[in-house]
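Inside the fold
Chain by chain, the residues run as shown.
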Amino acid sequence: MTPIATPFGRHFTAAEVVEGIALSGKRVIVTRAESGIGIETVCALALTGAEVTLAVRNIDSQAALSPWEE
């Protein structure tokens, strides 16, 4: 198996990785979106204009994400 080459390392933020990417009109689903890297991923993808659907394991933990609800 050949590793995937990427210019990004562990010190890059999610916002830096998606910089310059336009996802307007696209829908993305983020699993485990209620904590950690999931929250960062949701924020970064939302900045690109994507419509982000959050998939969470524990519906009670979704309450922490309520500021992003429309």
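Residues numbered from 1 in each chain as written. Predicted model: local features only at pLDDT ≥ 70, side-chain atom pairs only at ≥ 80, totals over all residues. Heavy atoms only, no water.

**Let's talk about the overall build of the protein chain**
What the protein chain contains, in helices and strands, is 2 helices and 2 strands. Along the chain direction, N to C, the helices and strands of the protein chain fall in the order α-β-α-β. Each of the 70 residues in the protein chain was classed as buried or not, and the buried ones make up 17%. Considering only contacts within the protein chain whose residues lie at least 6 apart along the sequence, 52% involve residues at least 24 apart. For the protein chain, the accessible surface area stands at approximately 5,600 Å², while carbon and sulfur atoms represent 57% of it. (Helix = DSSP H or I, 4+ residues; strand = E, 2+ residues; numbered from the N terminus. Buried < 20%, exposed > 50% of the residue type's maximum accessible area, 1.4 Å probe, protein only. Contact = heavy atoms within 4.5 Å. Areas by Shrake-Rupley, 256 points an atom, 1.4 Å probe, with all protein chains shown as cover.)

**Details of the environment of T13**
Within the element layout of this structure, T13 appears in the segment before α1 (14-18). Spatially, the C-alpha atom of T13 lies 8.5 Å from that of E40, the residues being 27 residues apart in sequence.

**Considerations on the pairing of strand β1 (residues 27-31)**
Only one face of β1 is buried: it carries V28 and V30, and the other face, with R27, I29 and T31, is open. Here β1 runs beside strand β2 (residues 51-55); their pairing, made up of 5 bridges, is parallel. Bridge pairing in β2 links I29 to T53. This β-α-β element, β1 to helix α2 (residues 36-47) to β2, shows right-handed connectivity. (Pairing = 2+ DSSP bridges. Right-handed = clockwise from strand over helix to strand, strands pointing away.)

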